[in-house]
Amino acid sequence: MPTSFVAVVLLIPAVYYDLVERRIPNALIGLGLIVGLAAVFSEAGWQAIPEHLLAAFLAFSISLPFWFLGWMGAGDVKFVMVLGLPLGLGSVFVFLANTALCGLLLALACLALKGMLGGFFRRLGVSMNLSLGLNRLVYVEPDSGQPQATLPYALAIAGGVVLTLSGVSPVL
């Protein structure tokens with residue numbers, strides 16, 4: 001079972017849960033670690049395991065500050081770690097850069113959906129009508145004292161994986 005296949009298969013439930021529940025379940029994280037390790041072992045043997053574990057550790061370590069800043073959820077950081085495992089050291093930095101790029105595009109799209117970019121584009125003379133039924137992307141936390149929009153960052157992570165594996169990445 002190729003490791004890239006494992007990475008792509010893990011995206012489907014993660015994106016679903018992040019869109020519907022705004023979380024990535026720990027059970028999926030645990031399953032991803034087990035299946036990822038099994039895929040690395042079956043594809044490259046025991047000697048490849050330390051390198052892939054290092055890739056997972058680097059992905060986690062680089063993403064963790066963004067959790068501290070409140071820019072990513074804990075599930076997103078753990079999911080990036082899980083995906084670093086099958087992607088390996090050769091792809092982990094490109095994956096992280098692609099994910100950041102996709103996250104920027106996702107944030108801009110969500111700002112546009114909330115109408116926050118409308119004034120900017122109107123000043124440029126561009127008309128924007130983005131009521132495409134995509135309002136599900138922007139979720140406002142009901143329990144916080146101040147409205148805080150959250151993004152389903154698994155979408156950006158999925159975009160990062162797809163760009164990395166397809167080789168069409170703008171950061172290659």
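Residues numbered from 1 in each chain as written. Predicted model: local features only at pLDDT ≥ 70, side-chain atom pairs only at ≥ 80, totals over all residues. Heavy atoms only, no water.

**Observations concerning the overall build of the protein**
The line we're drawing: Starting at the N terminus, helices and strands are each numbered in turn, a helix being any DSSP run of H or I of at least four residues and a strand any DSSP run of E of at least two. Burial classes: relative accessible area under 20% of the type maximum marks a residue as buried, over 50% as exposed, and values in between as partly exposed (1.4 Å probe, protein chains only). The contact rule is simple, with two residues in contact once any of their heavy atoms fall within 4.5 Å.
What the protein contains, in helices and strands, is seven helices and two strands. Ordered by position from N to C terminus, the α and β elements of the protein give α-α-α-α-α-α-β-β-α. For the protein, the proportion of its 172 residues judged to be buried stands at 40%. Sequence-distant contacts, at least 24 apart, represent 71% of the contacts inside the protein between residues at least 6 apart.

**Looking at the pattern of salt bridges**
In plain terms, the rule: The rule for a salt bridge is simple: a side-chain nitrogen of Lys or Arg has to be within 4 Å of a carboxyl oxygen of Asp or Glu.
Here the structure, examined in full by the defined rule, presents one salt bridge. As a salt-bridge pair, arginine 23 and glutamate 21 come within 2.8 Å of each other at their nearest N and O atoms. Owing to a relative accessible area of 43%, arginine 23 belongs among the partly exposed residues under this scheme. By relative accessible area, glutamate 21 is classed as partly exposed at 39%.

**Quick word on unusual backbone geometry**
Of note, the phi angle at arginine 22 is positive, near 60°, even though the residue is not glycine. Position of arginine 22 among the secondary structure elements: in the loop between α1 (3-21) and α2 (26-44).

**A few points about the side chain of aspartate 18**
Going by this rule: By the counting rule applied here, Lys and Arg register as positive and Asp and Glu as negative, while His and the ends of each chain are not counted. Identification of polar contacts relies on pairs of N or O atoms within 3.5 Å, with a donor-acceptor requirement for protein atoms, meaning one able to donate a hydrogen and the other able to accept it, and with residues adjacent in sequence counted only if both atoms are side-chain atoms.
Of note, aspartate 18 is situated in helix α1. Arginine 22 provides the closest opposite charge to the buried, salt-bridge-free aspartate 18, at an N-O distance of 5.2 Å. Within the structure, aspartate 18 has its side chain in polar contact with the backbone nitrogen of alanine 154 (distance 2.8 Å). Beyond its immediate chain neighbours, meaning those up to four positions away, aspartate 18 contacts Arg23, Ile24, Asp76, Leu151, Pro152, Tyr153 and Ala154.

**Focus: the packing of aromatic side chains**
Note the threshold: By convention, a stacked pair of Phe, Tyr or Trp rings (six-membered ring in the case of Trp) has centres within 6.5 Å and planes under 30 degrees apart, an edge-to-face pair has planes over 60 apart, and any other such pair is tilted.
Counted by the stated rule, this structure contains four aromatic pairs. Measuring from centroid to centroid gives 4.6 Å for phenylalanine 41 and tryptophan 46, while their planes differ by 55°, and the two rings are tilted. Assessed through its relative accessible area of 62%, tryptophan 46 is described here as exposed.

**With respect to the side chain of asparagine 98**
As for its placement among the helices and strands, asparagine 98 is situated in helix α5 (residues 89-113). Note on asparagine 98: relative accessible area 0%, which makes it buried. With residues up to four places along the chain from it excluded, the contact list for asparagine 98 reads Gly160, Leu163, Thr164, Ser169, Pro170 and Val171.

**Comments concerning the confidence of the model for the protein**
Cut-off, in case you're wondering: The score called pLDDT rates the predictor's confidence residue by residue, from a low of 0 to a high of 100.
In the predicted model, the protein carries a mean pLDDT of 83, and the fraction of residues at 70 or more is 78%. For the protein, the element scoring lowest by mean pLDDT is strand β1 (residues 139-140), at 50; helix α3 (residues 49-68) scores highest, at 95. Considering only residues more than four positions removed or in separate chains, one finds that residues 127-136, a stretch of pLDDT under 50, has nine contacts.

**A look at helix α7 (residues 154-166)**
Rules: Take the residue count of a helix, subtract one, and multiply by 1.5 Å to get its expected span.
Here α7 spans 18 Å end to end across 13 residues, near enough to the 18 Å set by a 1.5 Å rise per residue. Along α7, the positions that sit buried rather than exposed are Ala154, Ala156, Ile157, Ala158, Gly159, Gly160, Val161 and Thr164. Taken together, the buried residues of α7 touch α1, α4 (74-87) and α5. A positive backbone phi angle near 80° is found at glycine 167, which sits one or two residues after α7.

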